[in-house]
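Results of the structural survey
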Amino acid sequence: MSALPNYHAARWEEPLVMELGRSGRRAQLVGAPIDAPAGAGFIPEAVRRTTPPQLPELTEFEVQRHYLHLSQMTLGMMGVNLFGTCTMKYNARLNEHIVARPWIAELHPGQNEETLQGTLEIIHSFDLILRELSGMAQFVFQPGGGADAAYTHACVTRAYHAARGELAQRDEVITTIQAHPCNAATAAAAGFKVVTLPIEEDGYASVEALEAAVSDRTAALMLNNPDDMGVYNPHIKRWVEIVHEAGALAFYDHANFNGVMGRLRARELGFDACMYMLHKTFGAPKGGGGPAVGAYGCSEELVGFLPRPLVRRDGDRYTIERDAPDSIGRVREYWGNVPVVTKAYAWTRAMGAAGIKQAADLSVLANNYMEKRLLAIRGITRSHPDATTPRLEMTRYSLETVTRETGITAFDVQNRMIDFGVDAFWLSHEPWLLPEPFTPEAGELWSKEDIDLWIDVLAHVIQEAYEDPELVKTAPHNQVIHQVDGSRVNEPGQWATTWRAHRRKTAAVV
Ligand SMILES: Cc1ncc(COP(=O)(O)O)c(C=O)c1O
């Protein structure tokens, strides 16, 4: 049993930066332009300010102190973090330095391509690495996250069937109830009707259910495997065959790639397309939607439909293919988030092929170790207890028994765990088929001591749930903020996402 950390977060009564400052304070004094009268000629009249911006006036030290306080009050993601279904990884500082250098940070994709050769080489080289890992023919890095890559696939599916004159007939996308919800959502957003298969006792939908659902109306199968419960469908190759026999496409949401990296190739299972999350599996910081990249790869047959631009190699030069007649167009600007691609490239090069395989094996080992210990704790059960396929990189558990016996929910346990300086766990995507779910993922990163500490904290909190439920119910006690009144989230009159909105709502003059 690890010694549990005697932790308490820092707490400052820190005002908003907009509320700080005094008139005339400065961090840096910038001299007037030497050879031009102020503002003259450089900024068109129409866009010049007539009133000064409403900015707080502060010294550099005050700014530094303010943000230091805020960083001390951060709510987490710096403790032991086993945040599942997301493959949280340490983001190497070196990679942050690389992308902050001017030759990445200060480039513009609109520059002459002769001046972008190094960046284009990184994009192309990383494309080749992902081709090797997946067996696909081409990757595009434009999608801004996993869901965006799934949407790209839904659009490619539409274009593919339209080109064959079958789009009017093929209006259904098949997925499963435990696939990530972005698969169903993006198929629907692209105009498809979604057919959702239920899962069986063994944790995945049956081959028979798929056969019954597939028809000449099927446009695509879209799912992740392992699914959200961490269960790997061993019949997946047969699934892809069934879908192909019906003339449809098969898309592999490979967000849960960590346990099979270098061990399994989407194309060899027959898939026509797949996606990887560079902000999860490939070591770049997590952050869905905007700061992320969902790398979307496809077979030769679908390359014509991919968003453009694509980077091509021509001898020892790199060129940009800006358009293609059948392309679905852009899902995002330019080539996507190049710093994230660069970090992922740096991660793969640092790991090497053998290192990537080893990471996959370690993440499976860590999960199986954790599973053995967690299932020995009173009140913890796992989804599909009788499933014979071993879990790979993660397992979904349930605290239903604890809730029934003590009234303490998975949310309460999560709130109490962070009192010990470990980060909150992930519960489950919707729908919650398993009551009171939680889904930790150890990955390859954490030491055995860290994993043991996390498990010991959880075991301790569950013991508290049985012995002193009120203590757990009222947690967190040692955090920056205690229980948040969630009801205010549903009252737009109470919150503001910008300073201007805040001032408007508090009736101050804007
Ligand atoms: C299996 C799976 N697919 C897709 C996504 C969506 O990813 P993103 O948040 O980058 O859009 C996630 C994220 O949780 C996921 O776990």
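Preceding this section is the structure that the text describes.
An account of the accompanying structure is given in this report. Note that this is a predicted model, so its numbers are computed, not measured. (Residues numbered from 1 in each chain as written. Predicted model: local features only at pLDDT ≥ 70, side-chain atom pairs only at ≥ 80, totals over all residues. Heavy atoms only, no water.)

1. A few points about a nonpolar patch on the surface
Together, Phe42, Ile43 and Val47 line one region of the surface with nonpolar side chains, adding up to about 340 Å² of accessible area. Along the chain, Ile43 turns up in the segment before α1 (60-72). For Ile43, a relative accessible area of 42% corresponds to the partly exposed category. (Patch = residues over 30% accessible without salt bridge, like charges linked within 9 Å, V, L, I, M, F, W, Y side chains within 5 Å. Areas by Shrake-Rupley, 256 points an atom, 1.4 Å probe, with all protein chains shown as cover. Salt bridge = Lys/Arg side-chain N within 4 Å of Asp/Glu carboxyl O. Helix = DSSP H or I, 4+ residues; strand = E, 2+ residues; numbered from the N terminus. Buried < 20%, exposed > 50% of the residue type's maximum accessible area, 1.4 Å probe, protein only.)

2. Here we look at the pairing of strand β4 (residues 218-224)
Most of β4 is tucked away, with 7 of its 7 residues classed as buried. As defined by bridge partners, strand β2 (residues 172-176) adjoins β4 across 3 bridges and the pair is classed as parallel. Following the sheet pairing, Ile174 is matched in β4 by Leu221. In terms of strand pairing, β4 meets strand β5 (residues 249-253) through 5 bridges, oriented parallel. Its bridge partner lying in β5, Leu223 is registered against Tyr252. This β-α-β element, β4 to helix α8 (residues 236-245) to β5, shows right-handed connectivity. (Pairing = 2+ DSSP bridges. Right-handed = clockwise from strand over helix to strand, strands pointing away.)

3. Focus on the state of the cysteines
As used here, a disulfide is simply a covalent bond connecting the sulfur atoms of two cysteines. Scanning all chains against the criterion turns up 0 disulfides. Cys298 forms no disulfide, and the closest cysteine sulfur to it belongs to Cys274, at a distance of 9.0 Å. (Disulfide = S-S within 2.5 Å.)

4. Some thoughts on a positive patch on the surface
Side chains of Arg49, Arg500, Arg504 and Lys505 sit close together on the surface and give a patch of like positive charge. Summarising the element assignment, Arg500 is placed in helix α14 (residues 499-505). Its relative accessible area of 58% is what places Arg500 among the exposed residues. (Lys, Arg positive; Asp, Glu negative; His and termini not counted. Charge placed at Lys NZ, Arg CZ, Asp CG, Glu CD.)

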